[in-house]
Amino acid sequence: MSLRLDWASHAAAKYACEHWHYSKRIPKSKLVKVGVWESGVFIGVVIYSYGSTPQIGKPFGLKMTEVCELTRIALKAHKAPVSRIMAISLRLLKQHCPGLKLVVSYADLDQDHHGGIYQATNWLYVGRTKPDCYLKVKGVIEHRKSVYDRYGCQSLGWIQKNVDPKATRVADKGKHKYLMPLDPQMAAKLAVLRQPYPKRAGSKANVAIPDQGIEDGATPIPALHPFTSGIASLKSGEASGNG
């Protein structure tokens, strides 16, 4: 079994997200899309983006061009460990975006995710985010900023009048937040933020079993902000990573 990672087309990434990720949606705006192939067969995609907030780097003293979010890992049945796939994708990201210093990702409590893949690959756990308010539109729960990006308005009244009369507000439980520093200086700076890993629901162990449960990139919030710097210039076929 051979494993290859290379830049994926938008069509391939969209198919993977719609078929192999619980959100059933590809994030909008510009993305870094890393395709995954096993024995020559396309099995999914790893997507990095700015994420849901323009303030993602502010808590760490970083500019928007120095931090990104792992937004999706959408894979069908596969043999390679998710940890290996994610590690190769991070190497590709780092090689072609040398200005990046940090990757942020989340495990969605509403999906009963706890971040087992991050724990298996030694990401820093820094606690839970505060609960947030989402909108359920046409049966799909999305962040209010994502609704605005899609329809030009996030007012529930306007959405009910113009898009979906059954639209409602939905509060989430928050998310587990994980960090992957990309250089030794950032790793040293963030080490003081490390907290004990959360347990898998119903588990007595403090460290999760790795890594076939796809909880990675679990946030269903589409990216809203176009990439700048080196990320925006990545195109299909520029480089590949082999396991």
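Look up: the structure comes first, before these words.
Novice: An account of the pairing of strand β3 (residues 41-49) is needed here, citing residue identities and associated values.
Specialist: Most of β3 sits inside the fold, with eight of its nine residues counted as buried. Judged from the seven bridges that link them, strand β2 (residues 32-38) and β3 form a sheet pairing that is antiparallel. Along β3, the bridge assignment pairs Glu-38 with Val-41. Taken together, β2 and the strand that follows it, β3, pair antiparallel across an intervening segment of two residues, in which Ser-39 is found at a positive phi of about 50°. Bridge count between β3 and strand β4 (residues 67-75): six bridges; the pairing is antiparallel. Across the sheet, Ile-47 pairs through a bridge with Arg-72, a residue of β4.

Novice: Explain the environment of Leu-193 to me, using residue names and the numbers behind them.
Specialist: Note that Leu-193 resides in the loop between α6 (184-190) and β11 (240-242). What Leu-193 contacts, discounting residues up to four positions off in sequence, is Phe-60, Tyr-125 and Val-126.

Novice: Mind laying out the sheet that holds strand β9 (residues 168-171), listing which residues take part and the relevant values?
Specialist: Pairing between sheet strands relies on hydrogen bonds along the backbone, with the strands arranged either parallel or antiparallel. Strand order in this open sheet of three strands is β8-β7-β9, and the pairing throughout is antiparallel. Across the chains shown, the open sheet's two edge strands, defined by having one partner strand only, are β8 (140-143) and β9. For this sheet the average axis-to-axis angle between neighbouring strands, irrespective of direction, equals 40°. Bridge count for strand β7 (residues 133-137) against β9 is four bridges, and the pairing is antiparallel. The partner of Cys-133 across the bridge, within β9, is Ala-171. On the sheet, helix α4 (residues 144-151) packs against β7 and β8 and is oriented at approximately 100° with respect to β8.

Novice: Before we move on, could you go through the packing of aromatic side chains and cite the residues and values that matter?
Specialist: The final tally for this structure, using the stated rule, is seven aromatic pairs. Ring geometry for Trp-20 versus Phe-42: centroids 6.1 Å apart, planes at 40°, classification tilted. One end of the pair, Trp-20, is in helix α1 (residues 10-20); the other, Phe-42, is in strand β3, and 22 residues separate them in sequence. According to the relative accessible area criterion, Trp-20 is partly exposed, its value standing at 21%. Where Tyr-125 meets Tyr-178, the ring centres are 5.1 Å apart and the plane angle is 50°; that geometry is what we call tilted. Taken together, the positions of Tyr-125 in strand β6 (residues 124-128) and Tyr-178 in strand β10 (residues 175-181) put the pair 53 residues apart, joining distant regions of the chain. For the pair Tyr-125 and Tyr-178, a shared accessibility class is recorded, and that class is buried. In textbook terms, an aromatic cluster arises when at least three aromatic residues are bridged by ring pairs, as seen for Tyr-118, Trp-123, Tyr-125, Tyr-178 and Tyr-197. In this structure, Arg-4 packs its charged tip against the face of Trp-37, placed 4.6 Å from the ring centre.

Quick notes on the rules
Residues numbered from 1 in each chain as written. Predicted model: local features only at pLDDT ≥ 70, side-chain atom pairs only at ≥ 80, totals over all residues. Heavy atoms only, no water. Buried < 20%, exposed > 50% of the residue type's maximum accessible area, 1.4 Å probe, protein only. Helix = DSSP H or I, 4+ residues; strand = E, 2+ residues; numbered from the N terminus. Pairing = 2+ DSSP bridges. Contact = heavy atoms within 4.5 Å. Axes fitted to C-alpha atoms, helices over the stretch in contact; angles between N-to-C directions. Phe/Tyr/Trp six-rings, centres within 6.5 Å; stacked < 30°, edge-to-face > 60°. Lys NZ or Arg CZ within 6 Å of the ring centre and 35° of its normal.

Geometry only, nothing functional implied.
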